[in-house]
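Residue-level structure breakdown
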Amino acid sequence: MTSPGRDPSGTSPPTTRRADHLRGLMDRVSRGDRGAFESLYDATSPMVHGTALRVLRDPDLAAEVTQDVMIEVWRTAHRFDAARGGVVAWIATMAHRRAVDRVRSVQAQRNRDGLVAARDYDAPYDHVAEAVEHTVDQDRVQHCLGTLTDLQREAVVRAYYGGRTYREVADDLAAPLPTVKSRIRDGLNRLRTCLGVA
């Protein structure tokens, strides 16, 4: 009788052999073995690039994310825990997270660029009336920001005025990501109510 996970010839299936091989490479990488890292890179970087490309839809950005992820694998290989999953799943999760962060970062940069372009656009209008209205709006926003809790205000300001991603805000504030997301959502709801935005 053959044991589970083995074919009738008594050898492991190719997927099991590959998983075992990658675990062995990861173990060696965690001890600083550059040759093992080269082999791991060759075996997993196409999957990382494919994951990043599906999220980003930009080959250049996907290539950058691939390099970032593989550097992170080299630096954090000692954190890999085979009891919690396979090497491919660990690296794929890292790749997906990095790609999503890059999407947010690119979008934040586009938003900042759009704000700069809009600010620099000099359309014909009554400058005095516009300046007064802008000052009143700023005062209202400042007043409404003052109604938020410290964490809400700090998170909202960093995310929407500082162009930071939720993860970057969480890192800046040394707070859990779900807490930061919740505080930003609650803070924006309170701002909308205070400003009378439907």
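Within every chain, residues take consecutive numbers counted from 1 along the sequence as written. The predicted nature of this model means local features are confined to residues of pLDDT at least 70 and side-chain atom pairs, given and counted, to a pLDDT of 80 or more, with totals for whole chains, interfaces and linings taken over all residues. Processing note: side-chain calculations cover all non-hydrogen atoms of the structure and skip hydrogens and water entirely.

Section: the overall build of the protein chain
Across its full length, the protein chain holds 8 helices and 0 strands. What counts as a helix is a DSSP run of H or I of at least four residues, what counts as a strand is a run of E of at least two, and both are numbered from the N terminus. Counting helices and strands in the order they occur from the N terminus, the protein chain gives α-α-α-α-α-α-α-α. Remark: exposure states derive from per-residue accessible area (1.4 Å probe, protein chains only) relative to the maximum for the residue type, with buried under 20%, exposed over 50%, and partly exposed in between. Buried residues in the protein chain amount to 26% of all 198 residues. Throughout, a residue-residue contact means that at least one pair of heavy atoms, one from each residue, lies within 4.5 Å. Expressed as a percentage of contacts within the protein chain between residues at least 6 apart in sequence, the contacts between residues at least 24 apart total 59%. For the area figures, the Shrake-Rupley method with a 1.4 Å probe applies, and any residue is considered shielded solely by the protein chains shown. Just so you have it, the protein chain exposes about 12900 Å², and 52% of that area is on carbon and sulfur atoms.

Looking at unusual backbone geometry
Phi is mostly negative for residues that are not glycine, and the peptide bonds are mostly trans. One non-glycine residue, Arg 57, adopts positive backbone phi at about 55°. Positionally, Arg 57 belongs in the loop between helix 2 (34-56) and helix 3 (59-76). Its identity is not glycine, yet Ala 174 carries a phi of approximately 50°, on the positive side. Note that Ala 174 resides in the loop between helix 7 (166-173) and helix 8 (177-195). Taking relative accessible area as the criterion, Ala 174 reaches 74% and is therefore assigned exposed.

A word on the nonpolar core
Nonpolar side chains tend to gather and get buried jointly when the protein is soluble and globular. By convention a nonpolar core is built from buried Ala, Val, Leu, Ile, Met, Phe, Trp, Tyr and Cys residues, the set being connected through side-chain atoms within 4.5 Å. With 23 residues, the main nonpolar core has Met 26, Leu 40, Val 69, Val 73, Val 87 and Ile 91 as its most contacted residues. Elements with a contribution of two residues or more to this core: helix 1 (14-30), helix 2, helix 3 and helix 4 (87-120). When sequence neighbours within four positions are dropped, the list of residues in contact with Val 87 reads Leu 22, Arg 23, Met 26, Leu 40 and Phe 80. The next biggest cluster of nonpolar side chains, apart from the first, holds 14 residues, and it includes Cys 144, Ala 159, Ala 175 and Ile 184.

Things to note about helix 3
An α-helical segment advances 3.6 residues per turn. Residues three or four places apart therefore align on the same side. Multiplying 1.5 Å by the helix residue count minus one yields the expected span of that helix. Its 18 residues give helix 3 an end-to-end C-alpha distance of 25 Å, which sits within 8% of 26 Å, the value for a rise of 1.5 Å per residue. Of the residues making up helix 3, those classed as buried are Leu 61, Ala 62, Val 65, Thr 66, Val 69, Met 70, Glu 72, Val 73 and Thr 76. The arc enclosing the buried residues of helix 3, seen along the axis, measures out at 165°, which places them on a common side. Away from its buried face by more than 90 degrees, helix 3 exposes Asp 60 and Arg 75. Nitrogen and oxygen atoms within 3.5 Å of one another constitute a polar contact, given that in protein one can donate a hydrogen and the other can accept it, and given that sequence-neighbouring residues count only through two side-chain atoms. Regarding helix 3, its N-cap is Asp 58, as a side-chain oxygen of that residue lies 2.9 Å from the backbone nitrogen of Asp 60 further along. Throughout, the arc means the angular range of directions from the helix axis out to the C-beta atoms.

So yeah, pure geometry; function would need other evidence.
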